[in-house]
Amino acid sequence: MTFTFRPLDPLRDAELLHSWVTHPKAAFWMMQDAKLEDVERAYMEIAADEHHHALLGLRDGVPAFLMEVYDPAHRELVGLYEPRPGDVGMHFLTPATDTPVRGFTRSVITAVMAHLFEDPAVERVVVEPDVRNKAVHALNEAVGFVPEREIRKPEKKALLSFCTREQFAKAVAA
């Protein structure tokens, strides 16, 4: 599967995003009760933030998933670990579908990681999924993430995990 990326447009894409983030499958996104305006506002804030960016992943030109990139020295993980130069934080969401495609989510996380590592300044990707999200832990492991420890964030208990460029290359070559 081949994907391309484009910056998310908070107003133009809000309706689509709203359908994705409020679906029961997206419970770990913590926007189940969000109204359309809440989604617009949240992504307008991200669009205005120099340390946080949202992208849509496209498959054949059609939005297929959401990707967020953030600087963990300034967002999400401030004070929860010691960031290194070259660290980048990431979230991704594949929407619910009535016609699942085998291997789709794994293809998405692989494409997300490859996209992040296209930037030569990125040395390591940091994630902090909910400790209960076993499905994403397995996906993270498949692309080379190594869990370090559980951390307490205001909204959840998270599994802090890291993946270097080398770990990713080794995982996807296997």
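So, here is what we can say about the structure in this document. Please read these numbers as outputs of a predicted model, since none were measured by experiment. (Residues numbered from 1 in each chain as written. Predicted model: local features only at pLDDT ≥ 70, side-chain atom pairs only at ≥ 80, totals over all residues. Heavy atoms only, no water.)

**Looking at the pairing of strand E4 (residues 87–93)**
Inclusion rule: Buried means the residue's accessible area, taken with a 1.4 Å probe over protein chains only, is under 20% of the maximum for its type, while exposed means over 50%, and partly exposed covers the values in between. Note on conventions: DSSP H or I runs of at least 4 residues are helices, E runs of at least 2 residues are strands, and numbering of each starts at the N terminus. When DSSP locates at least two bridges between a pair of strands, those strands are taken to pair.
For E4, the tally of buried residues reaches seven of seven residues, placing the bulk of the element in the interior. Neither face of E4 is exposed, since Asp87, Gly89, His91 and Leu93 on one face and Val88, Met90 and Phe92 on the opposite face are all buried. Here strand E3 (residues 62–70) runs beside E4; their pairing, made up of five bridges, is antiparallel. Pairing of leucine 66 across the sheet is with leucine 93, part of E4. Sheet topology places E4 next to strand E5 (residues 124–127); three bridges connect them, and they run parallel. Note on E5: the bridge partner recorded for glycine 89 is valine 126.

**A word on the sheet that holds strand E2 (residues 52–59)**
Each strand in a sheet pairs with another by means of backbone hydrogen bonds, the pair being arranged parallel or else antiparallel. So the rule is basically this: To define axes, lines are fitted to C-alpha atoms, for helices over the stretch in contact only, and angles between the resulting N-to-C directions are given on a 0 to 180 degree scale.
With respect to topology, seven strands assemble into an open sheet ordered E1-E2-E3-E4-E5-E7-E6, the strand pairing being mixed. In this open sheet, the two strands that pair with only one neighbour each are strand E1 (4–7) and strand E6 (146–153). For this sheet, the mean inter-axis angle between neighbouring strands, taken without regard to orientation, is 30 degrees. Bridge analysis of E1 against E2 gives four bridges, and the strand direction is antiparallel. Across the sheet, residue arginine 6 finds its bridge partner in E2, namely leucine 56.

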